[in-house]
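# Residue-level structure breakdown
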Amino acid sequence: MPFAITQSCCVDASCVSACPVNCIHPAPGEPDFGTTDMLYVDPRTCIDCGACAEVCPVDAVFPVENLVGSLREYAGINAEYYADREAPAALAGSPLFHAWDPVRFDRVLPADFPRLDVAVVGSGPAAMYTVEDLLLHTTARVTVVDRLREPGGLVRFGVAPDHASTKQVGEHFARYHDHHRVTMRLGVEVGRDVTVEELGHRYDAVVYAVGAAESRDLGIPGEDLPGNLASTTVVGWYNGHPETPADAVDLRGPRVVVVGTGNVALDIARIVAADPDGLDGVAPAARAALRGSGVREIVLLGRRGPREAAWTRGELLGLLRRDDLEVVVDDHDPRTAEEIAVATDAETASLLRDVPRASAAPESPRRRVVLRFHAVPEEILGTDRVTGVRLAGGDELDASAVVRAIGHRGRAVPGLPFDPSSGTVPHVEGRVEGRPGTYVVGWIKRGASGGIGANRADSAETVASLIADGASGVLGRGASRNPVRRAVRRLSRH
Ligand SMILES: Cc1cc2nc3c(=O)[nH]c(=O)nc-3n(C[C@H](O)[C@H](O)[C@H](O)COP(=O)(O)OP(=O)(O)OC[C@H]3O[C@@H](n4cnc5c(N)ncnc54)[C@H](O)[C@@H]3O)c2cc1C
Ligand code: SF4
Ligand code: SF4
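Note that this is a predicted model, so its numbers are computed, not measured.

### Here's the deal with the overall build of the protein chain
When you go through the protein chain residue by residue, the secondary structure sums to 16 helices and 22 strands. A principal-axis box enclosing the C-alpha atoms of the protein chain has dimensions of 75 × 70 × 40 Å. The burial tally for the protein chain puts 52% of its 494 residues in the buried class. Counting contacts in the protein chain only where the partners sit at least 6 residues apart, residues at least 24 apart contribute 74% of the total. Taken as a whole, the protein chain presents about 22300 Å² of accessible surface, with 51% of it coming from carbon and sulfur. Side-chain charges in the protein chain split into 53 positive and 67 negative, and the spacing between the mean points of these groups amounts to 7 Å.

### Remarks on the site of ligand 1
In the vicinity of ligand 1 lie 33 residues, with Asp146, Leu154, Trp443, Gly450 and Ile452 positioned nearest. For ligand 1, an oxygen atom lies 3.5 Å from a polar atom in the backbone of Pro125. Arg147 is positioned with one of its backbone polar atoms (N or O) 3.1 Å from a nitrogen atom of ligand 1. In isolation ligand 1 has 1000 Å² of accessible area, and contact with the protein removes 90% of it. Broken down by class, the residue content of the shell around ligand 1 amounts to 16 nonpolar, 13 polar and 4 charged. Domain assignment of the residues forming the shell around ligand 1 places at least three in each of domain 2 (117-213 + 410-491) and domain 3 (217-407).

### Thoughts on the sheet that holds strand 17 (residues 396-398)
Across the sheet, 3 strands lie side by side as 15-16-17; this open sheet has antiparallel pairing. Only two strands of the sheet have a single partner each, and these edge strands are strand 15 (377-381) and strand 17. Across the sheet, the mean angle separating the axes of adjacent strands is 20 degrees when strand polarity is ignored. In the sheet, strand 16 (residues 388-391) pairs with strand 17 via 3 bridges, with the strands oriented antiparallel. By the bridge assignment for strand 17, Val389 is matched with Leu397.

### Comments concerning the domain arrangement of the protein chain
Interface size, as often reported, equals the accessible area lost upon joining of the parts. Domain boundaries in the protein chain define domain 1 (3-92), domain 2 (117-213 + 410-491) and domain 3 (217-407). Listed as interface residues are 12 residues of domain 2 and, on the opposing side, 18 residues of domain 3. In total, about 1100 Å² of surface goes out of reach between domain 2 and domain 3, with carbon and sulfur atoms giving 51% of it. Viewed at the interface, domain 3 and domain 2 are joined by 2 salt bridges. Asp162 is the salt-bridge partner of Arg270, the closest N and O atoms lying 2.7 Å from each other. Applying the counting criterion to the domain 2 and domain 3 interface returns 9 residue pairs in polar contact (both at pLDDT 80 or more).

### Concerning the pairing of strand 13 (residues 325-329)
Of all 5 residues in strand 13, 5 are buried; the element is thus mostly enclosed. Neither face of strand 13 is open: one carries Leu325, Val327 and Val329, the other Glu326 and Val328, and all of them are buried. For strand 13 and strand 14 (residues 367-372), the ladder comprises 5 bridges, and the chain directions are parallel. Directly across from Val329, in strand 14, lies its bridge partner Leu371.

### Looking at the pattern of salt bridges
Under the defined criterion, the tally for this structure stands at 32 salt bridges. The salt bridge partner of Glu243 is Arg147, with a shortest N-O separation of 2.8 Å. Of this pair, Glu243 sits in the loop between helix 9 (231-239) and strand 11 (255-259) while Arg147 sits in the loop between strand 6 (141-146) and helix 5 (154-157), placing them 96 residues apart in sequence. Looking at Glu243, the relative accessible area reads 47%, which means it is partly exposed. Three or more residues are tied together by salt bridges with common partners; here these are Arg147, Glu189, Arg192, Asp193 and Glu243.

### Topic: the packing of aromatic side chains
Applying the stated criterion to the full structure yields 4 aromatic pairs. Their ring planes at 10 degrees and their centres at 4.4 Å tell us that Tyr40 and Tyr81 sit as a pair that is stacked. Residue Tyr40 is located in strand 3 (residues 40-41), and its partner Tyr81 is located in helix 3 (residues 74-82); the two are separated by 41 residues in the primary sequence. Here Tyr40 matches Tyr81 in class, with each residue buried. Residues Tyr81 and Tyr82 carry aromatic rings whose centres are separated by 5.1 Å and whose planes lie at 85 degrees to one another, so their mutual orientation is edge-to-face. The two residues Tyr81 and Tyr82 agree in class, both being buried. One aromatic cluster in this structure is built from Tyr40, Tyr81 and Tyr82. Lying over the aromatic face of Tyr203, Arg202 brings its terminal NZ or CZ to 4.2 Å of the ring centre.

Criteria and cut-off values
- Residues numbered from 1 in each chain as written.
- Chains lettered and ligands numbered in written order.
- Predicted model: local features only at pLDDT ≥ 70, side-chain atom pairs only at ≥ 80, totals over all residues.
- Heavy atoms only, no water.
- Helix = DSSP H or I, 4+ residues; strand = E, 2+ residues; numbered from the N terminus.
- Buried < 20%, exposed > 50% of the residue type's maximum accessible area, 1.4 Å probe, protein only.
- Contact = heavy atoms within 4.5 Å.
- Areas by Shrake-Rupley, 256 points an atom, 1.4 Å probe, with all protein chains shown as cover.
- Lys, Arg positive; Asp, Glu negative; His and termini not counted.
- Charge placed at Lys NZ, Arg CZ, Asp CG, Glu CD.
- Near = heavy atom within 4 Å.
- Polar contact = N/O pair within 3.5 Å; in protein donor to acceptor, adjacent residues only side chain to side chain.
- Nonpolar A, V, L, I, M, F, W, Y, C, P; charged D, E, K, R; others polar.
- Domains from an automatic or database assignment.
- Pairing = 2+ DSSP bridges.
- Axes fitted to C-alpha atoms, helices over the stretch in contact; angles between N-to-C directions.
- Buried area = accessible area lost by both parts, 1.4 Å probe.
- Salt bridge = Lys/Arg side-chain N within 4 Å of Asp/Glu carboxyl O.
- Phe/Tyr/Trp six-rings, centres within 6.5 Å; stacked < 30°, edge-to-face > 60°.
- Lys NZ or Arg CZ within 6 Å of the ring centre and 35° of its normal.

So this is what it looks like as structure tokens:
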């Protein structure tokens with residue numbers, strides 16, 4: 001029986017190099033790799049060795065016969081990826097398929113390569129893949145600086161608590177926190193406790209992996225009303241982010257509207273609809289509010305049609321297969337049904353074909369999630385707090401809370417170049433423009449898109465630039481090294 005990759009795959013491609021028969025695709029360098037939501041095992045070639053499952057940081061790979069519940073359909077999803085692809089020629093004569101790439105040594109350091117002191121700002125996935133790469137390929141000493149006292153970035157404070165296997169990647173990263181060449185400086189914010197300039201003087205190279213912490217606004221009247229919430233507030237609230245008040249989210253009313261049709265909107269809908277007693281990792285205050293929740297319905301609003309929704313197949317399936325929820329498609333706009341009908345199997349909209357329409361669905365004691373497309377919010381309604389939302393066309397929806405989950409953008413770090421239009425730091429292959437020895441990686445580098453694993457290839461690019469600069473003598477330490485090192489130490493509370 002072959003193995004199959006399932007929902008929590010974060011596309012870090014660790015399994016690709018572990019597979020002895022090259023049957024996991026798309027692999028780095030292949031055309032679909034940059035856009036795929038997950039990787040797939042070719043069941044025609046898999047020899048059932050289990051090496052992929054051993055290395056997977058998020059426990060996403062299982063033998064097909066062990067797939068249960070909503071994961072069962074992943075056997076078909078993996079096979080489907082290869083349905084119209086040629087079987088490898090080698091399969092014709094042999095049950096095994098060995099296609100070894102030629103051995104490449106991309107990272108050969110010159111013998112006199114300096115022992116670098118590198119600061120990595122941030123401790124989320126982009127930072128930790130950078131640390132891993134630096135430890136594996138150089139003799140650098142690395143100082144990890146994070147403004148929060150608890151490391152992990154969005155793995156700790158973003159990934160939903162019901163994605164326990166995804167959160168496991170945090171354990172993979174945590175192995176490096178105690179590495180003898182790594183120093184953790186937590187509770188230190190660059191721009192507040194230490195400046196970009198000071199770090200630049202102290203370290204040979206500084207890599208900024210500060211993420212994209214801002215929620216995008218809708219830009220409509222009523223956005224400042226209490227009860228109109230950024231996705232970062234709701235996500236921080238259920239994950240126990242230290243800067244999110246315990247009472248930030250009020251779930252006493254019967255309807256919550258979530259604006260957005262991406263994976264974060266789905267996370268919020270699932271958690272707001274969840275029975276918290278079945279979930280580990282929900283912050284205590286959020287757990288109490290979820291227990292006493294009056295919410296009966298969560299409406300997700302998409303500005304465009306079902307074929308344009310940004311959610312991924314695995315995340316949408318995760319919602320549709322929940323048997324404690326009723327999921328329906330709103331049929332106010334006739335375009336919705338037409339677009340679902342013509343969606344190809346490769347599009348996530350095709351998964352909505354068998355989902356009941358809101359007007360036809362019978363009353364159910366379960367909580368209901370309504371997917372409403374072609375719905376453009378024009379005003380958040382209410383006088384002293386949110387009471388609803390008005391849509392283009394005049395339709396009004398009552399709601400006790402409105403959550404905007406329409407994407408993230410980076411926040412400027414004082415002293416670091418910043419492009420406000422993209423919310424990123426201008427760079428070339430990770431090198432910050434006009435700042436030798438300064439680099440960026442992750443969401444602050446490429447914008448807020450892509451899962452955890454996408455940061456791995458991104459880090460490899462930035463570290464390659466850093467190593468090339470080290471080899472060509474571009475990196476050098478400033479004179480005021482020791483006083484600033486002391487300043488950084490002093491500021492650390494751990
Ligand atoms: C709500 C949500 C859920 C997600 N769920 C999933 C999922 O289930 N699976 C998946 O594959 N991907 C998921 N993602 C995407 C994934 O989290 C990102 O790809 C990834 O976290 C980006 O990594 P990063 O290191 O660039 O940023 P972050 O993870 O945000 O890390 C940035 C770090 O920098 C620190 N920092 C910021 N500014 C400063 C400063 N000035 N000084 C010092 N430190 C600073 C922050 O405290 C933080 O620790 C999710 C994203 C969100 C928003
Ligand atoms: S079980 Fe072995 S052969 Fe099959 S996909 Fe995993 S690593 Fe490759
Ligand atoms: S998370 Fe990584 S190792 Fe696990 S299946 Fe996906 S690509 Fe492979």
